[in-house]
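Residue-level listing of the chains:
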Amino acid sequence: MASILDEYEDSLSRSTVLQPGCPSVGIPHSGYVNAQLEKEEPIFTKQRIDFTPSERITSLVVSCNQLCMSLGKDTLLRIDLGKANEPNHMELGRKDDAKVHKMFLDPTGSHLLIALSSTEVLYVNRNGQKVRPLARWKGQLVESVGWNKALGTESSTGPILVGTAQGQIFEAELSASEGGLFGPAPDLYFRPLYVLNEEGAPAPVCSLEAERGPEGRGFVIAPTRQRLFQFVGRVAQGAEAQGFSGLFAAYAAHPPPFREFPSSLGYSELAFYTPKLRSAPRAFAWMMGDGVLYGSLDCGRPDSLLSEERVWEYPEGVGPGASPPLAIVLTQFHFLLLLADRVEAVCTLTGQVVRRDRFLEKFGPLKHMAKDPSTGHLWAHSERAVSRYHVQREARDVWRTYLDMNRFDLAKEYCRERPACLDTVLAREADFSSRQRRYLESARCYALTRSYFEEIALNFWEPRQEEALAEFLQRKLANLKPAERTQATLLTAWLTELYLSRLGALQGDPDALNLYRETRERFRSFLSSPRHKEWLFASRASIQELLASHGDTEHMVYFALIMQDYERGVAYHCQHEPYEEALAVLPRHRDPQLFYKFSPLLTRHIPRQLVDAWIEMGSRLDARQLIPALVTYSQGGEPQQVSQAIRYMEFCVNVLGETEQAIHNYLLSLYARGQPASLLAYLEQAGASPHRVHYDLKYALRLCAEHGAHRACVHVYKVLELYEEAVDLAQQVDVDLAKQSADLPEEDEELRKKLWLKIARHVVQEEEDVQTAMACLASCPLLKIADVLPFFPDFVPIDHFEEAICSALKAYNHHSRELQREMEEATASAQRIRGDLQELRGRYGTVEPQDKCATCDFPLLNRPFYLFLCGHMFHADRLLQAVRPGLPAYKQARLEELQRKLGAAPPPAKGSARAKEAEGGAAAGGPSREQLKADLDELVAAECVYCGELMIRSIDRPFIDPQRYEEEHLSWL
């Protein structure tokens with residue numbers, strides 16, 4: 001057999017198309033830019049399948065890319081559209097004359113029901129090759145099936161609804177399991193739920209749709225020939241109670257609500273539009289005798305699922321008395337009616353037929369039409385042919401229909417990504433709003449179009465709609481590009497002029513006070529709008545000129561502050577003397593230069609508030625630049641003036657930690673003039689180290705002297721380490737203060753003694769207080785009674801000095817005994833040292849023949865060597881090499897000199913007479929050889945190189961000489 005379903009090889013010559021689904025709408029060309037529509041492509045494209053059936057097609061269903069057809073009375077053809085070249089034929093195995101009445105395929109494409117005219121039902125699973133009869137269903141002529149979209153799977157249908165020709169609604173469940181001869185049947189249960197009546201008798205259930213809503217609510221729509229029933233209620237939750245029995249039980253005592261129409265086709269059909277598989281349906285279409293009932297589906301409504309209902313009458317020549325429709329399929333914006341010889345597409349928005357597609361008579365009359373919910377493809381078949389419709393971009397031209405209906409929001413929604421069409425919609429909406437005298441709405445729409453600016457402006461200017469014109473100009477301004485500076489300048493100037501003229505006209509009119517306030521708020525909103533900030537800033541000079549020309553000083557200041565021209569705003573307030581308002585501007589901008597510029601003026605009027613603002617600014621202000629303002633302010637000498645200056649200076653010093661000398665000097669001057677009691681406390685807090693104080697010591701000394709602050713002067717003298725001057729001045733104030741000053745030079749006892757003698761002389765000669773003089777003698781251990789006695793007159797009674805003299809004599813006696821004991825200890829120590837030296841002269845060491853040098857590990861006796869008391873032995877030359885690097889530079893030079901002299905000295909003579917002559921000659925010309933060797937030994941062999949301080953000092957030396965590191969590194973490679 002040729003390829004049954006090969007859409008890619010089908011000739012385009014046999015393809016017909018359904019053009020866009022809505023009638024074209026004429027768009028006027030004046031007043032806005034005309035939108036040139038893109039080249040239109042067909043929305044519905046029909047494609048006849050290259051397939052010649054062996055027998056006539058009696059039924060066709062499709063779902064989830066699975067196509068099933070019944071051929072004749074005993075053949076079932078199944079095709080997986082993803083594998084169209086692998087069709088599957090099955091025999092139903094019927095020997096009687098029963099025909100296929102209807103077929104039903106679930107949304108997963110897994111479960112197929114075949115209803116026979118003999119009131120039998122067959123079941124075929126997608127993965128099975130066996131036709132299985134449903135015994136429980138026997139005796140029922142099935143007209144419709146309501147699939148369970150929420151619980152249906154490939155292995156089970158879940159609870160489903162079944163409608164029969166006798167008006168009964170059953171609940172059933174099918175399972176795909178095949179258990180062999182004695183296995184379970186596919187129909188797990190089949191129980192009645194409800195009977196639909198029409199005109200007092202049961203009526204066939206033509207369609208069934210079951211949906212789940214929020215909060216566990218369920219909806220069932222069941223149409224008969226003339227009625228559309230709705231069942232609404234809660235569905236039982238839980239694994240064992242997922243059926244529909246509870247939903248239908250609520251209507252056992254009273255019938256469900258329904259829509260009824262008088263005419264009848266003898267049948268009806270219900271179609272849903274679902275955007276995506278397993279999502280909630282959005283719209284419905286019910287084909288019945290009076291036409292098509294179309295509306296929206298709202299699962300959130302408590303009482304009814306249907307909303308926005310309207311009946312579209314059948315087109316001319318279609319209906320019960322003419323050519324009745326056989327089937328209906330619903331898409332997003334169209335429903336397609338299947339007639340015996342054609343398909344008619346009707347727009348759901350207008351009810352107009354947009355295309356009639358006729359079929360050839362040679363293939364026989366059309367039988368049925370179905371939609372695949374997973375792909376959106378539409379399938380129609382006659383007895384000898386199968387055709388498929390592709391739906392492409394159905395919503396592309398819907399905006400024109402909504403535009404013609406003046407439903408502008410929906411029109412804009414469906415052309416949002418097409419600027420030309422959107423411009424047309426906006427222009428039409430603007431014109432419509434203008435005709436309705438809704439000028440503000442019209443202005444907002446016009447601002448988004450590309451219509452001519454001059455025409456729009458005149459449209460608002462002629463009826464004197466200044467508010468709408470301002471709205472239009474503002475929105476145009478917000479949409480300008482950065483490069484359009486000239487346009488921005490003109491628009492901002494025009495808007496400013498409009499607002500100022502409006503305010504000027506309303507000002508002074510008591511009846512228009514509220515309108516004046518509203519206009520002022522809108523003007524201020526315009527000036528402060530972030531969207532217009534860039535353009536307002538660029539045009540700030542021209543706007544200020546306009547404000548000045550209208551004399552609107554209030555908005556001049558307001559605009560200056562918005563443009564961050566704070567200097568202009570502060571200057572205006574200062575000029576008109578609302579100083580508090582001027583000060584309120586300064587912290588807002590936090591510009592230090594503005595504080596420096598206006599502080600001299602503000603200090604004279606609001607000093608306390610200004611100092612608060614300075615303190616709030618903290619370290620952002622340079623206190624040195626505020627000193628001129630404080631000096632100008634505090635020249636009057638009023639306590640309040642000085643106190644505010646001191647408050648800020650103390651904040652700078654104590655909180656900010658200022659170290660500038662000018663600030664500390666100025667604070668000293670303020671203390672000296674206004675708060676003398678705080679002067680000494682400040683100096684003491686600053687410390688007594690001359691290197692850590694931040695004020696000028698000489699300036700502080702002069703300042704304290706000028707204002708008679710003697711204690712402060714004493715403190716400054718002490719900081720300057722002028723202790724004699726400090727003591728001299730302190731004696732005039734308080735002797736105790738002088739004593740404190742005299743004890744300060746702790747390391748210079750001679751100076752301390754001198755200072756205490758000054759105090760003693762002052763006490764004796766000036767105050768003539770012997771008791772105090774004796775107290776001074778007790779306070780300073782450096783003073784003796786002999787030092788103080790010359791200050792007393794010659795004829796002073798000795799009674800006052802008796803105790804002091806006795807104490808001095810006792811001290812002299814004790815000191816003499818201490819000196820005698822120390823002399824005896826020194827004599828004994830000298831005798832012990834002499835004994836140790838005598839013992840050392842007799843010490844010796846023994847060298848064995850096998851002893852080796854500790855450095856080179858060669859026999860020790862081969863060359864001159866050194867033996868140390870610690871036991872280490874070194875060859876003389878090896879010891880010299882080990883000691884030299886650790887010696888200071890001057891000792892290394894001395895060592896080289898001794899080696900040179902020792903090499904130049906004559907060898908010792910063997911005869912005693914000649915040795916004496918050689919020693920005599922060496923004594924005459926320089927040191928002898930023995931003396932040179934002794935000096936060399938003192939340098940080299942003073943201590944063991946391994947046990948002495950040399951080894952300790954070399955602990956931080958690297959093991960490898962840095963100069964030889966590279967050579968050593970290469971030797972290891």
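Everything numeric in this text was worked out from a predicted model, so none of it was measured.

Participant: Before we go on, may I ask you to explain the sheet that holds strand E6 (residues 88–91) in this structure?
Facilitator: Sheets are built from strands paired through backbone hydrogen bonds, the pairs being either parallel or antiparallel. Taking strand neighbours across the sheet as the criterion, the 4 strands line up as E3-E4-E5-E6 in an open arrangement whose pairing is antiparallel. In this open sheet, the two strands that pair with only one neighbour each are strand E3 (57–63) and E6. Along the sheet, successive strands turn relative to each other by an average axial angle of 20°, direction set aside. The pairing of strand E4 (residues 66–71) with strand E5 (residues 75–80) spans 6 bridges and is antiparallel. Paired with Gln66 across the bridge in E5 is Asp80.

Participant: I keep staring at the packing of helix H5 (residues 439–446) against helix H7 (residues 466–478) and nothing clicks. Help me out?
Facilitator: For any two helices packed against each other, the geometry comes down to the angle between their axes and how far apart the axes lie. Where H5 meets H7, the closest approach of the two axes is 8 Å, and the angle between their N-to-C directions is 20°. Classified by the angle between their axes, H5 and H7 sit roughly parallel to one another. At the point where H5 passes H7, the crossing takes the right-handed sense. Mapping the contact onto sequence places Tyr439, Leu440, Ala443, Arg444 and Tyr446 in H5 and Glu467, Ala468, Glu471, Phe472, Arg475 and Lys476 in H7. For the contact of H5 with H7, the per-class residue count stands at 6 nonpolar, no polar and 5 charged.

Participant: Got a minute to help me understand the sheet that holds strand E26 (residues 334–338) in this structure?
Facilitator: If you walk across this open sheet you meet the 4 strands as E25-E26-E27-E28, and the pairing is antiparallel. One side of each edge strand has no neighbouring strand; the edge strands of this open sheet are strand E25 (327–330) and strand E28 (353–358). Each strand axis lies, on average, 20° off the axis of its neighbour in the sheet, ignoring direction. In this sheet, E26 lies alongside E25 in antiparallel orientation, the contact comprising 4 bridges. Opposite Val329, over in E26, you have Leu336 as the bridge partner.

Participant: Even after reading the chapter, I still don't get the environment of Val220, so can you show me in this structure?
Facilitator: Assignment of secondary structure puts Val220 in strand E18 (residues 217–223). A residue is classified by how much of its surface remains accessible, and Val220, at 1% relative accessible area, is buried. In the structure, Val220 is positioned 10 residues away from Gln230 in sequence and 5.8 Å away in space, judged by C-alpha atoms. If near-sequence neighbours (up to four positions away) are discounted, Val220 is found in contact with Leu161, Leu208, Glu209, Ala210, Phe229, Gln230, Phe231, Phe244, Leu247 and Phe248.

Quick notes on the rules
Residues numbered from 1 in each chain as written. Predicted model: local features only at pLDDT ≥ 70, side-chain atom pairs only at ≥ 80, totals over all residues. Heavy atoms only, no water. Pairing = 2+ DSSP bridges. Helix = DSSP H or I, 4+ residues; strand = E, 2+ residues; numbered from the N terminus. Axes fitted to C-alpha atoms, helices over the stretch in contact; angles between N-to-C directions. Parallel < 35°, antiparallel > 145°, perpendicular 65-115°, else oblique. Left-handed = near helix turned anticlockwise from the far one by under 90°. Contact = heavy atoms within 4.5 Å. Nonpolar A, V, L, I, M, F, W, Y, C, P; charged D, E, K, R; others polar. Buried < 20%, exposed > 50% of the residue type's maximum accessible area, 1.4 Å probe, protein only.

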